[in-house]
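Report on the structure
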Amino acid sequence: MSDPSAQPQQAHPAVPVLHEQRLDEVLGSAPEHGRARYRPRRVGMVWRSKVFRAGAVIVALLLCGLLILALVREQTGPEGFLVGLGLAVLPVPLLMAAFRWLDRVEPGPWRNLIFSFAWGACAAALVAIIANSFATRWIATATADPASADTLGATVIAPVVEESAKAAAVLLIFLFRRREFSGVVDGIVVAGFTATGFAFTENILYLGNAFGEDQQLGSSGFASVTAGTFFVRIVMSPFAHPLFTVLTGLGFGFAAVSARRHRVRRIALPVLGLLLAMGLHALWNGSSAFGPYGFYAVYGIVMVPAFGLVTWLAVWSRQRELRTLAAELPAYAAAGWLTPAEPSALSSMRARGMARDLARHWQQDRTRGRAAARAVAEYESFATSLAGLRRRARHGAVGPDFGARERELLHHLWQRRDIAAPALTHAARLTSHRIPHHAHHAQHGHRGPMPYGRPPAPPHGPGHGYGYGYGPAYGQPQPYPYGQPQARPVGYGYGNGDPGSVRPTPR
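Attention here is on the structure that accompanies the text.

Thresholds applied
Residues numbered from 1 in each chain as written. Predicted model: local features only at pLDDT ≥ 70, side-chain atom pairs only at ≥ 80, totals over all residues. Heavy atoms only, no water. Helix = DSSP H or I, 4+ residues; strand = E, 2+ residues; numbered from the N terminus. Buried < 20%, exposed > 50% of the residue type's maximum accessible area, 1.4 Å probe, protein only. Contact = heavy atoms within 4.5 Å. Areas by Shrake-Rupley, 256 points an atom, 1.4 Å probe, with all protein chains shown as cover. Patch = residues over 30% accessible without salt bridge, like charges linked within 9 Å, V, L, I, M, F, W, Y side chains within 5 Å. Salt bridge = Lys/Arg side-chain N within 4 Å of Asp/Glu carboxyl O. Expected span 1.5 Å × (residues − 1). Bend = angle between axes of the 7 residues up to and from the residue. Axes fitted to C-alpha atoms, helices over the stretch in contact; angles between N-to-C directions. Parallel < 35°, antiparallel > 145°, perpendicular 65-115°, else oblique. Left-handed = near helix turned anticlockwise from the far one by under 90°. Polar contact = N/O pair within 3.5 Å; in protein donor to acceptor, adjacent residues only side chain to side chain. Phe/Tyr/Trp six-rings, centres within 6.5 Å; stacked < 30°, edge-to-face > 60°. Lys NZ or Arg CZ within 6 Å of the ring centre and 35° of its normal. Core = buried A, V, L, I, M, F, W, Y, C linked by side-chain atoms within 4.5 Å. Disulfide = S-S within 2.5 Å. Nonpolar A, V, L, I, M, F, W, Y, C, P; charged D, E, K, R; others polar.

1. Considering the overall build of the protein
Broken down by element type, the protein carries 16 helices and two strands. Considering the protein as a whole, with its 507 residues, one finds that 50% of them fall into the buried category. A separation of at least 24 residues holds for 76% of the contacts in the protein among residues at least 6 apart in sequence. Per element, the accessible surface of the protein, about 24900 Å² overall, is 63% carbon and sulfur.

2. Some details on a nonpolar patch on the surface
A grouping of V59, L63, L66 and L69 is seen on the molecular surface, where their side chains present a nonpolar patch of about 380 Å² in accessible area. Relative to the helices and strands, V59 is located in helix α2 (residues 50–88).

3. A closer look at the pattern of salt bridges
This structure, assessed with the given rule, holds 14 salt bridges. With its nearest N and O atoms 2.7 Å apart, the salt bridge here joins E180 to R111. Separated by 69 residues along the polypeptide, E180 in the loop between α5 (146–176) and α6 (184–217) and R111 in helix α4 (residues 110–143) bring together distant segments of the chain. Using a relative accessible area of 46% as the deciding quantity, one classes R111 as partly exposed. Of the charged contacts in the structure, one is a salt bridge between E202 and R233, with a shortest N-O distance of 2.6 Å.

4. What to know about α5
Here α5 spans 42 Å end to end across 31 residues, near enough to the 45 Å set by a 1.5 Å rise per residue. The sharpest bend along α5 measures roughly 45 degrees and falls at G153.

5. Considering the side chain of E328
Structurally, E328 is set in helix α10 (residues 294–328). With residues near it in sequence (within four places) discarded, E328 still touches A387, R390, R391 and R394.

6. Some details on the packing of α6 against helix α7 (residues 225–236)
The axes of two packed helices give the description: the angle between them and the distance between them. Taken N-terminus to C-terminus, the directions of α6 and α7 make an angle of 160 degrees; their axes are 8 Å apart at the nearest point. Looking at the two axes, α6 sits roughly antiparallel to α7. Of the two elements, α6 crosses α7, and the hand of that crossing is right-handed. In contact with E202, N203, Y206, L207, A210, F211, E213 and D214 of α6, α7 contributes V225, T226, T229, F230, R233 and I234.

7. Here we look at the side chain of T339
Position of T339 relative to the elements: it lies in the loop between α11 (330–334) and α12 (342–346). T339 sits in the buried class, given a relative accessible area of 3%. One polar contact links T339 to T425, side chain to side chain, over a distance of 3.1 Å.

8. Focus: the packing of aromatic side chains
Inspection of every chain in the model, using the stated rule, returns 14 aromatic pairs. A ring pair is formed by F295 and Y299, whose centres lie 6.2 Å apart and whose planes are at 25 degrees; its orientation type is stacked. Of this pair, F295 and Y299 are both found in helix α10, four residues apart, which corresponds to roughly one turn of the helix. Ring pairing ties together the aromatic residues F239, W284, F295, Y296, Y299 and F307, which thus form one cluster. Cation over ring: R233 sits above Y206, and NZ or CZ is 4.2 Å from the ring centre. The ring of W101 carries the charged tip of R318 above its face, separated from the ring centre by 4.0 Å.

9. Considering the nonpolar core
Within the largest apolar cluster, 62 residues are counted, with the highest numbers of intra-cluster contacts made by F181, I188, W284 and M303. Ignoring sequence-local partners within four residues, the contact set of W284 consists of S237, A240, F244, F295, V298, Y299 and M303.

10. What to know about the state of the cysteines
When the sulfur atoms of two cysteines share a covalent bond, that bond is a disulfide. Counted by the stated rule, this structure contains zero disulfides. With no disulfide of its own, C64 lies closest to C122 among cysteine sulfurs, the gap being 6.9 Å.

11. Section: helix α13 (residues 349–361)
Taking 1.5 Å of rise per residue, 13 residues should cover 18 Å, and α13 covers 19 Å from first to last C-alpha, within 8% of that figure. All of the buried residues along α13 are M349, A351, R352, G353, M354, A355, L358 and A359. In this fold, the buried residues of α13 make contact with α10, α12, α14 (366–394) and α15 (402–430).

12. Section: the environment of Q75
Topologically, Q75 is positioned in helix α2. For Q75, a relative accessible area of 41% corresponds to the partly exposed category. C-alpha of Q75 to C-alpha of L205: the two residues are 130 residues apart in sequence and 7.6 Å apart in space. Excluding its chain neighbours within four sequence positions, the residues that come into contact with Q75 are I129, L205 and N209.

13. Some points on the packing of helix α8 (residues 240–256) against helix α9 (residues 263–285)
Two numbers describe how α8 lies on α9: the axes approach to 7 Å, and their chain directions differ by 170 degrees. By the angle between their axes, α8 is roughly antiparallel relative to α9. Taken together, the residues of α9 that come into contact with α8 (itself represented by A240, H241, L243, F244, L247, T248, G251, F252, F254, A255 and A256) are R266, L269, P270, G273, L274, L276, A277, L280, H281 and W284. Tallied by class, residues from the contact of α8 with α9 come to 15 nonpolar, five polar and one charged.

Shown next, in the form of structure tokens:
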């Protein structure tokens, strides 16, 4: 056994930077281990404090929640409120799980999603109830026709007010959490959570009022108003409000990936998405005006196809994120920041999940296993952010902080690579994901610009774990199957005898 203290230290690969910089300048400015982002200390006025701003947002949402709770309870009564609450909560976990699944490639922070849901359920719902009631009463007074006032309020006022109130949450995250709002999927997910919260509160109101009406009429069972309302709002169209607001989210998502020089497009796309959301919402609310079968006609001809189209676009955007990983990360593998197998593994959801499982099983106890799996998940998230950042840079959709953000992400990858790189390399081998053809060009005649020029081949010191992946599947691998390595990358491949496999230099 060799003395570990006598082993050479692990060397960093050549650092790709936008402008040539010294290695110590790049790594010296990186955050400490475990910190996801730079957090410069700010001094000055109290409202510049992130804690103060977060507290102000939480207090404001809590106040809105208390007000909306009082208003809904007043309209439905205690029993109606409880019945409406119990029925309205049923589709919420399913919708949230669907949007979270869509966001698995580059999971956004839960704080953004919780804020979006709370905004929809509390702030947007409160604005909608107050504004809709005021507008309907004003129209009824001005026209002396309450029936037409209700119709006009439902088809014109409600779509404008409600979609604008929900869009405010997407706008706030787009402006103040710009790093975490990087594309179409983010727009869909944020808008979906906001609309899910709004629909939750609205369903409590409608179902609670329906229950109160049944109590007055003495009806029950499948013929009751509550059963009919539940069938229409919870069974047939739980996706209605998410579908409307997702159109707004798509506008913001396309704006996020647009080049910064296209200022008109970056403004026009969110406005267009909001107008489409209002239009579809108005058509849905006014469907009953088209005759006894108008609702079913709009549902079958417009709503279901629109839902299918948006679902396809969402899944396509998710797959596009995976293709971006396969296209952009080979440049960093060639620079030595990733193993040759990692771009392929990171672009496969199956390999990513398997890598987390491998990292968990390779540890000796559950606590370390959970920490290792979490490190791999963070590594995958940072790698996805890095690929998306590089893709947006190609399209001119990044700001002057591109270089700092890229170095930050690379540093976070380096902190976790001892655990994540072996697991991902082994997962790539087990799932038989060969390096795609464009990855070969990252090493031999890279297509497109190398990030900051071509660096020398990286040395792999002890503890890096490139030898992982040659051991038995799903078992504790031998860290150095060929003895203590001084490895050098020969090319791309996974097998011991394959041309271009990564193997230690013979002594």
